[in-house]
Amino acid sequence: MTGRPEDGAEPGMEARPAADVADVPESTLPEDAPRIRLPVFEGPLDLLLYLIRKDRIDIHDIPIAPITRQYVEYLELMRELNLDVAGEFMVMAATLIHIKSKMLVPVDPTEAEGEPQEDPREALVHRLLEFERYKEAAGVLHQKGQIRAATWTRPAGALPSFDDAGEEILEAGLFDLISAFKDLLERRKTLLAHEVADQGKSVDQRMAELLDLIREGQSLELLEMFAELQTKAEMILTFLALLELIRLKRVKVYQRGLFGAIRVFRPVGPEAAPARPA
């Protein structure tokens, strides 16, 4: 790594203070919209590592400008989706902006002749590598737990059965879902620019509708849940309803390989919980 300004840095992308990043317009959500709390491992480092893997970036040579832009976009969408974004996310956003600003500062010619300049990204890369090792270790333990659980009798249809024989099926994470939803919003930006009044549905109502779309033991492509929706408000409501169903273990989400298409699966058996806890 070097301390020079990165190739492809965008001069027009000015560093925004953390306060500006926090000024995200509130989304129009029904009163019963749940406040989604993020799991322990799905924090700022996990999001940053997800973006690096998704774009197949060399972790030792992170292009700070585009990564910062993507991180802030995800952060703004998460806040709009009523996700409980902790202060650590804002700290990471400020850290990325600070690193970007340091990399844009020209190197002093007199100092360049001396010892090699310290790369502003070095401390962040060290944190990411250490975090990646912890995640891999946790993944191994989780896999062992799944193997042990598989030795016990499981109800028929407890796991999804997809048509793609031999293709690896992975359980999708929160950032996989947010990424797919973000891509969907981008593709339908023109349509969503013309908002109309919504039908005033509650999250409970939308959850029931989603369950009606999927029979027990069957799965549905994630994007099919949004095919008939005409407004951004409807799409956000649907996404929140899906997250709540996942939290209540009423549905599970899987994808074909890393960053692959996501399907929503409804397990077989008695419903574990009512639509929403009392």
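Structure: see above.
Attention in this report is confined to the structure presented alongside it. (Residues numbered from 1 in each chain as written. Predicted model: local features only at pLDDT ≥ 70, side-chain atom pairs only at ≥ 80, totals over all residues. Heavy atoms only, no water.)

Our next topic: the overall build of the protein chain. Helix and strand counts for the protein chain come out as ten helices and six strands. A burial count over the protein chain gives 41% of its 278 residues as buried. In the protein chain, the proportion of contacts linking residues at least 24 apart, taken out of those at least 6 apart, comes to 80%. As displayed, the protein chain offers around 16,000 Å² of accessible surface, 53% of which is attributable to carbon and sulfur atoms. (Helix = DSSP H or I, 4+ residues; strand = E, 2+ residues; numbered from the N terminus. Buried < 20%, exposed > 50% of the residue type's maximum accessible area, 1.4 Å probe, protein only. Contact = heavy atoms within 4.5 Å. Areas by Shrake-Rupley, 256 points an atom, 1.4 Å probe, with all protein chains shown as cover.)

This part is about the pairing of strand E6 (residues 262-265). The alternating pattern of E6 places Ile262 and Val264 and Arg263 and Phe265 on opposite faces, both of which are buried. Pairing analysis gives three bridges linking strand E4 (residues 219-221) to E6, with the strands arranged antiparallel. Pairing of Ser219 across the sheet is with Phe265, part of E6. The pairing of strand E5 (residues 252-256) with E6 spans four bridges and is classified as antiparallel. Among the inter-strand pairings, Lys252 is bridged to a residue of E6, identified as Phe265. (Pairing = 2+ DSSP bridges.)

Attention shifts here to the pairing of E5. Within E5, four of the five residues are buried, which leaves it mostly tucked inside the rest of the structure. Pairing geometry for strand E3 (residues 169-171) and E5, over three bridges, is antiparallel. Within E5, the position partnered with Ile169 by the bridge is Arg256. The turn linking E5 back onto E6 is made up of five residues, and Gly257 within it adopts a positive phi angle of 75°.

Before going further, it helps to spend a moment on the packing of aromatic side chains. This model, assessed by the stated rule, comprises four aromatic pairs. Arranged with centres 6.3 Å apart and planes meeting at 45°, the rings of Tyr50 and Phe175 form a pair that is tilted. A residue pair is termed long-range when its members are at least 10 positions apart, and Tyr50 in helix H2 (residues 44-54) and Phe175 in helix H7 (residues 174-187) qualify at 125 residues. Tyr50 gets classed as buried once you look at its relative accessible area, which sits at 11%. Classification of Phe175 by relative accessible area gives buried; the value is 3%. The rings of Phe181, Phe226 and Phe239 are connected pair by pair, giving a single aromatic cluster. (Phe/Tyr/Trp six-rings, centres within 6.5 Å; stacked < 30°, edge-to-face > 60°.)

Before going further, it helps to examine the packing of H2 against helix H4 (residues 87-103). In the contact formed by H2 and H4, the axes pass within 9 Å of each other and the chain directions differ by 50°. Relative to H4, H2 is oriented oblique. Along the contact surface, H2 presents Pro44, Leu45, Leu47 and Leu48, while H4 presents Glu88, Phe89, Met92 and Leu96. Among the residues making up the contact of H2 with H4, the classes are represented as seven nonpolar, no polar and one charged. (Axes fitted to C-alpha atoms, helices over the stretch in contact; angles between N-to-C directions. Parallel < 35°, antiparallel > 145°, perpendicular 65-115°, else oblique. Nonpolar A, V, L, I, M, F, W, Y, C, P; charged D, E, K, R; others polar.)

Turning our eyes to something else, we now look at the pattern of salt bridges. Where charged atoms of side chains with opposite charge meet at close range, the side chains can pair. For the coordinates displayed, the defined rule picks out nine salt bridges. Two residues, Glu132 and Arg53, come together in a salt bridge whose shortest N-O distance is 3.4 Å. One end of the pair, Glu132, is in helix H6 (residues 122-150); the other, Arg53, is in helix H2, and 79 residues separate them in sequence. A relative accessible area of 35% means that Arg53 is categorised as partly exposed. (Salt bridge = Lys/Arg side-chain N within 4 Å of Asp/Glu carboxyl O.)

Attention now moves to the sheet that holds E5. Hydrogen bonding along the main chain pairs the strands of a sheet, whether they run parallel or antiparallel. Judged by pairing direction, the sheet is antiparallel, and its four strands sit side by side in the order E3-E5-E6-E4 without closing on themselves. Edge strands, defined here as strands with exactly one partner in the open sheet, are E3 and E4. Looking at each pair of strands side by side, their axes are set apart by 35° on average, direction ignored.

Another aspect to go through is the nonpolar core. Formed by 64 residues in total, the largest nonpolar core has its most connected members in Leu48, Tyr71, Leu128, Ile178, Phe181 and Phe226. Put simply, the parts of the chain that give this core at least two residues each are H2, helix H3 (64-80), H4, H6, H7, helix H9 (203-213), helix H10 (232-247) and E6. The element that contributes the greatest number of residues to this core is H10, accounting for nine residues. (Core = buried A, V, L, I, M, F, W, Y, C linked by side-chain atoms within 4.5 Å.)

A few words on the packing of H3 against H4. Look at H3 against H4: their axes get within 10 Å of each other, and the N-to-C directions meet at 155°. If you check the angle between H3 and H4, you find them roughly antiparallel. For the element pair H3 and H4, the recorded crossing hand is left-handed. Residue-level contacts link Ile64, Ala65, Thr68, Tyr71, Leu75 and Met78 of H3 to Phe89, Met90, Met92, Ala93, Leu96, Ile97, Ile99, Lys100 and Met103 of H4. (Left-handed = near helix turned anticlockwise from the far one by under 90°.)

Keep in mind these numbers describe shape, not what the thing actually does.
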